[in-house]
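# Report on the structure
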Amino acid sequence: MQPFAFTEEQNMLREMVRDFVNTEVKPLAREIDEQERIPPELIRKIGELGLLGTVFPEEYGGGGFGEIGYCIAQEEMARGCSSTATLIGAHMSIGSNAIYIGGSEELKRKYLVPLARGEKLAAFGLTEATAGSDSFNVRTRAVRDGDHFIINGEKLWITNAGIADIVSLFCRTDRGVTAFVIETQWEGYHAGPPEKKMGIRGSTTNPITITNMRVPAENMIGQEGRGFLIAMKTLDAGRLGLGACCVGTAKEAIELSTRYAKQRKQFDQPIANFQAIQFMLAEMYTLTYAMESIVYRAAADYDAGKKISTQSAMVKLFCSEALDRVVDLAVQIHGGMGYSRELPLERMYRDARINRIFEGTSEIQKLVISHDVLKRNGAWL
Ligand SMILES: Cc1cc2nc3c(=O)[nH]c(=O)nc-3n(C[C@H](O)[C@H](O)[C@H](O)COP(=O)(O)OP(=O)(O)OC[C@H]3O[C@@H](n4cnc5c(N)ncnc54)[C@H](O)[C@@H]3O)c2cc1C
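Because the structure is a prediction, the values reported are computed rather than measured.

Moving on to helix α1 (residues 8-25). Because each turn of an α-helix spans 3.6 residues, side chains separated by three or four positions end up pointing in the same direction. In this model α1 runs 24 Å from its N-terminal to its C-terminal C-alpha over 18 residues, within 8% of the 26 Å that 1.5 Å per residue would give. In the core, the buried residues of α1 are packed alongside α2 (29-35), α4 (66-80) and α5 (82-102).

Here is the structure:
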């Protein structure tokens with residue numbers, strides 16, 4: 001059942017990623033969660049397969065699959081391991097994509113190409129203590145000094161900050177929010193210890209301190225003062241990818257729950273015979289069908305060059321809220337076993353929760369959507 005006519009190439013991409021996830025990622029998912037790290041060997045293999053550059057054009061070292069291809073790959077990855085999908089998303093869809101969306105040709109050649117080829121890893125540094133939902137309020141300061149900028153400040157909650165080679169960093173200059181590409185081996189970069197998190201534990205999230213870092217002016221992404229716009233455009237794409245991850249996790253939860261409901265017996269019969277269980281499966285299936293439909297509709301619009309800020313906010317809002325319901329029902333169908341670490345559901349339940357928070361909380365998505373509805377006087381998109 002597909003709400004969208006995928007091309008043969010896209011179907012082949014899905015099969016390739018699914019095989020890889022089944023053989024190389026899923027078997028490691030529990031260890032990744034428990035050890036709170038993704039083995040570098042796995043990241044290397046993901047890069048070699050081209051899954052760190054799926055979305056970018058081939059001329060920049062990417063797979064040329066666009067946003068639809070990226071969503072397909074992330075959907076399959078999140079079926080096996082949400083932590084690994086998060087590492088890839090932060091690297092590609094926001095960290096590297098900021099350079100693709102706003103960077104000069106020189107910046108793309110110098111930084112995007114090795115990132116898309118999987119030779120280097122990226123992070124996206126926007127959030128600060130004073131700039132969470134209010135992301136415009138960044139205080140990290142970039143002061144011009146001849147043909148350089150001197151950067152000082154602190155970022156919080158930055159995915160991949162401890163393992164990345166490059167960070168797309170959002171700072172404040174005299175002309176407003178301005179984005180720069182910085183290299184993590186440059187003097188003045190320090191990533192603090194990883195946060196201890198509820199879920200996606202294998203994906204590392206660190207604070208960053210930047211002290212007197214000298215950054216060449218040519219490392220500015222786009223124009224001075226235009227950084228917030230670049231951040232918002234980048235997040236439009238990032239939120240679609242998060243929606244795709246929700247679809248993947250939801251599909252996996254449905255498969256696990258269906259199998260379990262047919263095999264687990266109570267009152268001398270499989271629990272799948274009980275209408276209460278059947279209705280839970282029906283709700284999970286329906287929600288996931290709706291999630292899948294809006295993800296790929298919005299991704300197709302994005303690939304067609306349409307502005308999708310409202311659509312991607314709706315995708316992120318709906319998919320993240322729906323996934324919480326789906327994994328909650330999946331745990332319920334499994335009874336006590338759903339609460340046990342023996343099965344992946346307990347991890348999937350914890351991992352799902354982040355989707356309502358990062359890349360803008362559900363409340364912030366509602367602000368974006370309602371602002372547009374009011375602007376259009378309710379006229380349909
Ligand atoms: C695991 C993880 C990974 C992350 N990775 C990255 C990353 O790679 N790069 C990066 O830059 N950031 C990252 N973040 C930061 C993330 O984007 C922020 O946590 C998120 O945007 C929310 O900001 P906050 O935590 O400061 O919450 P706050 O902004 O303090 O929000 C607290 C509550 O208030 C609500 N609220 C705030 N303002 C309003 C309003 N105007 N109207 C209604 N309700 C409102 C929020 O919805 C929320 O419920 C990550 C966070 C986590 C937890």
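There's more to say after this.
Turning our eyes to something else, we now look at α4. Over its 15 residues, α4 runs 22 Å from end to end, which matches the ideal 21 Å to within 8%, given 1.5 Å per residue. Burial analysis of α4 places 14 of its 15 residues in the buried class, the great majority of the element.

Turning to the pairing of strand β1 (residues 122-125), a few remarks are in order. Side-chain alternation along β1 places Ala122 and Phe124 on one buried face and Ala123 and Gly125 on a second face that is also buried. Relative to strand β4 (residues 166-173), β1 runs parallel, the two being bridged by 4 bridges. Directly across from Ala122, in β4, lies its bridge partner Ile166.

Looking at the secondary structure, you find Leu121 in the loop between α6 (105-116) and β1. Take Leu121: there are 24 C-beta atoms within 10 Å of it, and that puts it in the buried class. Sequence separation of Leu121 and Ser96 is 25 residues, and the distance between their C-alpha atoms is 8.4 Å. Not counting chain neighbours up to four residues away, the residues in contact with Leu121 comprise His91, Asn160, Ile163, Ala164 and Asp165.

Backbone geometry at Ile200 places phi at a positive 30°, although glycine is not the residue there. Mapped onto the elements of the fold, Ile200 is located in the loop between β6 (189-191) and β7 (205-216). Judged by the 28 C-beta atoms lying within 10 Å of it, Ile200 falls in the buried class. A positive phi angle, near 65°, is found at Asp268, a position not held by glycine. Note that Asp268 resides in the loop between β9 (265-266) and β10 (269-270).

Rules of the game
- Residues numbered from 1 in each chain as written.
- Predicted model: local features only at pLDDT ≥ 70, side-chain atom pairs only at ≥ 80, totals over all residues.
- Helix = DSSP H or I, 4+ residues; strand = E, 2+ residues; numbered from the N terminus.
- Expected span 1.5 Å × (residues − 1).
- Contact = placed C-beta atoms within 7 Å.
- Buried ≥ 20, exposed ≤ 12 C-beta atoms within 10 Å, placed from the backbone.
- Pairing = 2+ DSSP bridges.

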